[in-house]
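The primary structure of each chain is shown beneath.
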Amino acid sequence: MNELALRLFKPILLLGIVVISFSSCTMVNNKDMKALSYGTCEGCHTDYEHLKLVYTPDSVPPPSGCGGTAPSYMPYDRVWLGGPGYEEYKGTVHDLACTKCHNGVDFTSDKTKAHSGDFIRHPSEQYEDKCAQCHSTLTDNFGTNLHNGIGQKDKVTKRSGLTGHAQFDQLPQHKIDGYNANCATCHGTCGNCHIVRPKIKGGGLARGHQFIEEPDMIEVCVGCHTSRGGHAYMGWGVEQDPTIVKDVHLIGDAGFNKCTYCHTETEIHGTGEAVDHRYDYSALPSCTAAECHQNDSEGGPISESNIYHEFHINDFNCHVCHSQDYNSCGSCHVGGDGARMGHYLDFKIALNPLQNPDERHNTELALVRRTLAAPDNWDVYTPGDDYDNFDAFPMFNYTTPHNIKLWTNRTNESGEGTCSKNCHIRFENGQFVNKELYLLDENLTETWMQSSTGHITLDDRPVISGWLSK
């Protein structure tokens, strides 16, 4: 190349080098910006538009339960770290590296790699390793926490012929899968109350990644405790009988708008007690506790406040007089068509079905509620797989409905009414009166109902049989 050409070429060469250098920097900067955008766990999950591009569609429909079908959230909405809850979460003691709790791989834009290896979607499912690092005083007792499903597991295993919840893992796999797909829509672990919505409320992060110390009563507690608890307390879902109203503890001066007014942290998280049923917990609230109804409004003992208490306070639980009609349903096909006997308002007094009642639940009579159980609960998974020991429990459970009212259909003495007139069975004008209040043999229409539950019906009780024989 001659000198003139070289002089002309040098500026072009230098310009090219500048252009190439500038382009390279731009590419590096863009790459760095993308890495900051979705090259980390937090970066990806705070980038809403990117989550919409890479999400995996749901393969199963939202779960259903006593409260109906769960609301549907898109997968990217359930895992998006955004909104005020996320801002409140940042900088708190729980603001840790994502892999500290979830495992997996950070600092990658590869979704498969990020969620590979020992990745945990819900860390509290391994609470013994994860939550216990900081909250051992709670997790040490969580194995007996009813919210973890110990009661349900106990009944499934015992009805299957095993000894109890400790052998749940020994059940046939289809029962374990059925439990996880159905019962576990509510029964879960720490995160289901404190971080994410329960599955029956749609699942996913409730408020960014905020750890909610006291869960919202409506969104969490009532979300799971629907027609058998929360709805009754709120006075919801009782359109069959508009005279039924919300629990007296929720209205007026009481205003108990938090479940924790009665149900303490100790009770909710578990006490470590190896109990046979939830009413065995020593931490349960009691109507006649010193701070509640141990005495009447004038300071005298509640057991002597009126003639009815004097006669009956040791005969049956308080709810026999002070509960309104409550929801029942039964005979669920787990994972199938749901309850074959849909929810209905009922009120049934029976012999106390608790096997080992303690001093607070040792009344002879009590209210009972129909359970979801039936011998063929699991038939949809494996046809013909009936429970080997269905009679381990009656199909009506001891119950304490959360729909208390001072003046109910049984306590109302207005007009010609009296407690005995409103409660006792009698034969009048060619028909029985108040018979519908009691659990009788005629209510058990199947052989399996009679064999499991006949021992708590009241047909043989003198006060009942005397009238039924007329």
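About the thresholds
Residues numbered from 1 in each chain as written. Predicted model: local features only at pLDDT ≥ 70, side-chain atom pairs only at ≥ 80, totals over all residues. Heavy atoms only, no water. Helix = DSSP H or I, 4+ residues; strand = E, 2+ residues; numbered from the N terminus. Buried < 20%, exposed > 50% of the residue type's maximum accessible area, 1.4 Å probe, protein only. Contact = heavy atoms within 4.5 Å. Pairing = 2+ DSSP bridges. Axes fitted to C-alpha atoms, helices over the stretch in contact; angles between N-to-C directions. Patch = residues over 30% accessible without salt bridge, like charges linked within 9 Å, V, L, I, M, F, W, Y side chains within 5 Å. Areas by Shrake-Rupley, 256 points an atom, 1.4 Å probe, with all protein chains shown as cover. Salt bridge = Lys/Arg side-chain N within 4 Å of Asp/Glu carboxyl O. Phe/Tyr/Trp six-rings, centres within 6.5 Å; stacked < 30°, edge-to-face > 60°. Lys NZ or Arg CZ within 6 Å of the ring centre and 35° of its normal. Disulfide = S-S within 2.5 Å. Lys, Arg positive; Asp, Glu negative; His and termini not counted. Core = buried A, V, L, I, M, F, W, Y, C linked by side-chain atoms within 4.5 Å.

Peer 1: Mind laying out the overall build of the chain, listing which residues take part and the relevant values?
Peer 2: For the chain, the count of helices and strands is 19 helices and 9 strands. In the chain, which comprises 470 residues, the proportion classed as buried is 37%. Pairs at least 24 apart in sequence give 58% of the contacts found in the chain among residues at least 6 apart.

Peer 1: Pulling in residues and values, what's your account of the sheet that holds strand S7 (residues 396–398)?
Peer 2: Read across the sheet, 3 strands follow the order S5-S6-S7 without closing on themselves; strand pairing throughout is antiparallel. The sheet is open, and its two borders are formed by strand S5 (348–351) and S7, each paired with just one other strand. Between one strand and the next, the sheet's axes are offset by a mean angle of 55°, whatever the strand orientation. Across 4 bridges, the pairing between S5 and strand S6 (residues 365–370) is antiparallel.

Peer 1: Would you mind going over a nonpolar patch on the surface in detail, with residue names and values included?
Peer 2: Residues Ile307, Tyr308 and Phe311 make up a contiguous nonpolar surface patch of about 310 Å² in total accessible area. As for its placement among the helices and strands, Ile307 is situated in helix H15 (residues 307–312).

Peer 1: So what about the pattern of salt bridges? Which residues, and what values?
Peer 2: In this structure the tally under the stated criterion is 11 salt bridges. When the shortest N-O distance is used, the salt bridge between Lys158 and Asp154 registers 3.4 Å. Taken as a pair, Lys158 and Asp154 lie in helix H9 (residues 150–159) at a separation of 4 residues, close to a single helical turn. By the burial criterion, Lys158 is buried, and Asp154 matches it.

Peer 1: I'd like a description of the packing of aromatic side chains, backed by residues and values.
Peer 2: Counting across every chain of the model gives 14 aromatic pairs. With centroids separated by 5.0 Å and ring planes inclined at 70°, the aromatic side chains of Phe427 and Phe432 adopt a geometry described as edge-to-face. Each member of the aromatic cluster is reached from another via a ring pair, and the members are Tyr48, Tyr55, Tyr76 and Trp80. The ring of Phe393 has Lys155 sitting right over it, with the charged end atom 5.2 Å from the ring centre. Above the ring of Phe347, the side-chain terminus of Arg410 is found at 3.6 Å from the ring centroid.

Peer 1: Lay out the pairing of S6 with the relevant residues and their values.
Peer 2: Along a regular strand, successive side chains alternate from one face of the sheet to the other. Of all 6 residues making up S6, 6 are buried, and the element is well covered by its neighbours. The alternating pattern of S6 places Leu365, Leu367 and Arg369 on one face and Ala366, Val368 and Arg370 on the opposite face, and all of these are buried. Note: S6 against S7, 3 bridges, orientation antiparallel. By the bridge assignment for S7, Val368 is matched with Tyr398.

Peer 1: A description of the state of the cysteines should follow, citing residues and the corresponding values.
Peer 2: For the coordinates displayed, the defined rule picks out 0 disulfides. Cys98 takes part in no disulfide bond, and the closest cysteine sulfur, belonging to Cys41, lies 4.6 Å away.

Peer 1: A description of the side chain of Arg159 should follow, citing residues and the corresponding values.
Peer 2: Inspection of the secondary structure assignment puts Arg159 in helix H9. Asp391 provides the closest opposite charge to the buried, unpaired Arg159, separated from it by 7.2 Å. Setting aside chain neighbours within four positions, we find Arg159 in contact with Ala373, Tyr387, Asp388, Asn389, Phe390, Phe393, Pro394 and Met395.

Peer 1: Tell me about the nonpolar core, residues and numbers included.
Peer 2: Of all hydrophobic cores here, the largest spans 24 residues; its most connected members are Ile349, Phe396, Tyr438 and Leu458. Elements with a minimum of two residues in this core: helix H16 (319–322), S5 and S6. Excluding residues within four positions of it along the chain, Tyr438 makes contact with Lys348, Ile349, Cys423, His424, Ile425, Asn443, Leu458 and Ile464. Counting 12 residues, the second-largest nonpolar core is a separate cluster that includes Leu171, Tyr179, Ala184 and Phe390.

Peer 1: Help me get a handle on the side chain of Asp459, residues and values and all.
Peer 2: With respect to the helices and strands, the residue Asp459 is situated in the loop between helix H18 (447–453) and helix H19 (462–468). For the buried Asp459, which has no salt bridge, the nearest side chain bearing the opposite charge is Lys435, at an N-O separation of 7.6 Å.

Peer 1: With reference to specific residues and values, describe helix H13 (residues 226–234).
Peer 2: Of all 9 residues that make up H13, 8 are buried, and the element is covered over most of its length. The secondary structure elements touched by the buried residues of H13 are helix H12 (217–224), strand S3 (326–333) and S6. Of the residues flanking the end of H13, it is Gly235, one or two places downstream, whose phi is positive at about 75°.

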